[in-house]
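Spelled out from the first residue to the last, the chains are:
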Amino acid sequence: MSVPIIDMSKVKDERKEMAAKIVKALETSGFLYLDNVPGLDHKKLFETCKWFFSQPWEFKEKLQRNAWSPENKNYFRGYFPVVAKEPSRKEGFEIGRDVDRNDPSVRPENWFYEPNVWPEGQEEFKSYMKQNYEVMHETAMEMLRLIAIGLGLEEDAMVYLFAKKPCSTFRIMHYPPWDGKPPENALIEDGKVLTTPDHSDSNFITLLINFNYVGLERLSPEGQWVAVPPRPGSLIMNIGDLLDRMTGNRFKATRHRVIDIGVDRYSIPFFLEPEFEADVGRNFLAEAGKDHVIESYGRYMIHVTKYVRKYFEFKVLPDFLNVKDSLKDKEAQEASI
Ligand SMILES: O=C(O)CCC(=O)C(=O)O
Ligand SMILES: [Fe+2]
């Protein structure tokens, strides 16, 4: 089965039909193409990726995470380099939404609300990145409204989780081709070489621009690796483990991977993630209260990122095992009153 196409110019007029089509796709292949998303200039985004990653090392080093530049204060946002011997061969630069430094959720153990870092004197780059974060966010909210309709829920049943301080990440990414012999752990069947190993995304939904590049593959419901062909001008959407879990596994967080294409490859994912304090313990499709174990997104995700998935770019994050679940604390306090 190929990946269905949703024409976003039709979703205002044909809401119910589009919603049903989206839900069906997310129950099966878990992938969608979104055509005609307003506000995205793919050509300029491509130029932005090329410009950023062709900057000299000193430029990138200033933005590099603490794990690789101990003098820098950013642990989670900013630049991460290509790491030798990893089957994941990519460098990236990431931003989140700015959060007021006096907000009570801004705490040392909360990486998600760490301040963004920016290259000095590059105001245009900064505002362009922030603008595109918001375009991606808005597109994601529209998708969540359509998904809710398709599931027979209130249109706003999901968007509240992302209200003001979503933990989402907007990333620009560069995959340099392998030079020399790739490590054994990057070699897979049929002589193919990985630049991103088999994974499902751990967030809520992902929106991806990968320009005109081949290389992305998904695991089909029949268990075959199949190409997700490039569709220039379109966004690729897939869902992550969190939405899979919050629909009681009705939706599939489809596994996917990226194959080395022998030349530089650029892509731009937007990983939609709830607010740090959002309760992700519920199942949208279950009866209210049933099997509901309150859990804040931040605590859940810090655990997953560092101890379950062990993503190479976050492996080195400081040990925040004692991060508190403020939602659970609140619940306990209320119960004891
Ligand atoms: O670059 C791509 O085409 C896919 C990237 C991806 O799967 C990811 O960053 O999670
Ligand atoms: Fe992915």
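Above this text you will find the structure in question.
Residues numbered from 1 in each chain as written. Chains lettered and ligands numbered in written order. Predicted model: local features only at pLDDT ≥ 70, side-chain atom pairs only at ≥ 80, totals over all residues. Heavy atoms only, no water.

Caption draft 1: Expanded view of the overall build of the protein. Summing up its helical and strand segments, the protein has seven helices and 12 strands in all. Over its C-alpha atoms the protein spans a radius of gyration of 20 Å, differing by no more than 12% from the 20 Å that the globule rule assigns to 337 residues. On the principal axes, the C-alpha backbone points of the protein span a range of 60 × 45 × 40 Å. Carbon together with sulfur atoms contributes 52% to the accessible area of the protein, which is approximately 15500 Å² in total. The protein carries 46 positive and 53 negative side-chain charges, and their two centres are separated by 1 Å. (Helix = DSSP H or I, 4+ residues; strand = E, 2+ residues; numbered from the N terminus. Rg over C-alpha atoms; globule rule 2.2 N^0.38 Å. Areas by Shrake-Rupley, 256 points an atom, 1.4 Å probe, with all protein chains shown as cover. Lys, Arg positive; Asp, Glu negative; His and termini not counted. Charge placed at Lys NZ, Arg CZ, Asp CG, Glu CD.)

Caption draft 2: Local environment of the coordination of the iron ion (ligand 2). Taken together, His199 (NE2), Asp201 (OD) and His256 (NE2) make up the protein donors of the iron ion (ligand 2), found 2.1 to 2.2 Å from the metal. Expressed as a motif, the donor residue spacing for the iron ion (ligand 2) is H-x1-D-x54-H. One exposure class covers both His199 and Asp201, and it is buried. (Donors = N, O, S within 2.8 Å, 3.2 Å for Na, K, Ca; no water. Buried < 20%, exposed > 50% of the residue type's maximum accessible area, 1.4 Å probe, protein only.)

Caption draft 3: Quick look at the sheet that holds strand 2 (residues 31-35). With respect to topology, eight strands assemble into an open sheet ordered 1-2-10-7-12-5-4-3, the strand pairing being mixed. Strands at the two margins of the open sheet, each flanked by one partner only, are strand 1 (5-7) and strand 3 (78-80). When strand polarity is set aside, the average angle formed by the axes of neighbouring strands in this sheet is 25°. The sheet contact formed by strand 7 (residues 205-209) and strand 10 (residues 235-239) spans four bridges and is antiparallel. Paired with Ile205 across the strands is Ile239, a residue of strand 10. Across the face of the sheet, helix 1 (residues 15-27) comes into contact with strand 1, strand 2 and strand 10 while running at roughly 155° to strand 1. The strands touched by helix 2 (residues 42-53) within the sheet are strand 3, strand 4 (91-95), strand 5 (169-175), strand 7 and strand 12 (265-272), with strand 12 carrying the most contacts at an inclination of about 110°. (Pairing = 2+ DSSP bridges. Axes fitted to C-alpha atoms, helices over the stretch in contact; angles between N-to-C directions. Contact = heavy atoms within 4.5 Å.)

Caption draft 4: Spatial organisation of helix 6 (residues 297-309). The end-to-end C-alpha distance of helix 6 is 16 Å, clearly below the 18 Å that 13 residues give at a rise of 1.5 Å each. Buried residues of helix 6: Tyr297, Gly298, Tyr300, Met301, Ile302, Val304, Thr305 and Lys306, and no others. (Expected span 1.5 Å × (residues − 1).)

Caption draft 5: Structural context of unusual backbone geometry. Positive phi outside glycine occurs at Asp190, with the angle close to 60°. Position of Asp190 among the secondary structure elements: in the loop between strand 5 and strand 6 (194-199). A positive phi angle is found at Asn249, which is not glycine, with a value near 70°. Within the secondary structure, Asn249 is located in the loop between helix 5 (241-246) and strand 11 (256-259).

Caption draft 6: Local environment of the pattern of salt bridges. Counting across every chain of the model gives 19 salt bridges. In this structure, Glu94 engages Arg65 in a salt bridge whose closest nitrogen and oxygen atoms are separated by 2.9 Å. Placement of the pair is Glu94 in strand 4 and Arg65 in the loop between helix 3 (57-61) and strand 3, with a sequence separation of 29 residues. Of the residues examined, Glu94 reaches a relative accessible area of 1% and is grouped as buried. (Salt bridge = Lys/Arg side-chain N within 4 Å of Asp/Glu carboxyl O.)

Caption draft 7: Examining the site of ligand 1 more closely. Residues in contact with ligand 1 amount to 14 residues; listed here are only the nearest, Tyr175, His199, His256, Arg265 and Ser267. Between ligand 1 and Asp201 there is a distance of 3.2 Å, counted from an oxygen atom to a side-chain nitrogen or oxygen. Within the side chain of His256, one N or O atom sits 3.1 Å away from an oxygen atom of ligand 1. Here ligand 1 loses 95% of its free accessible area of 290 Å² to cover by the protein chains. Sorting the residues of the shell around ligand 1 by element identifies strand 5, strand 11 and strand 12 as the ones contributing at least two each. Looking at the shell around ligand 1, the element that brings in the most residues is strand 12, giving four residues. Split into classes, the residues belonging to the shell around ligand 1 amount to seven nonpolar, four polar and three charged. (Near = heavy atom within 4 Å. Polar contact = N/O pair within 3.5 Å; in protein donor to acceptor, adjacent residues only side chain to side chain. Nonpolar A, V, L, I, M, F, W, Y, C, P; charged D, E, K, R; others polar.)

Caption draft 8: A look at the nonpolar core. The biggest cluster of nonpolar side chains holds 76 residues, and the ones touching the most others in it are Leu34, Phe93, Leu144, Ile147, Phe204, Ile205 and Met237. Residue contributions to this core peak at 13 residues, all from helix 4 (residues 123-150). Excluding residues within four positions of it along the chain, Phe93 makes contact with Phe52, Phe53, Leu63, Gly78, Tyr79, Val117, Trp118, Phe125, Met129, Phe170, Arg171 and Ile172. Val3, Tyr33, Met173 and Tyr175 belong to the second largest nonpolar core, which has 10 residues in total. (Core = buried A, V, L, I, M, F, W, Y, C linked by side-chain atoms within 4.5 Å.)

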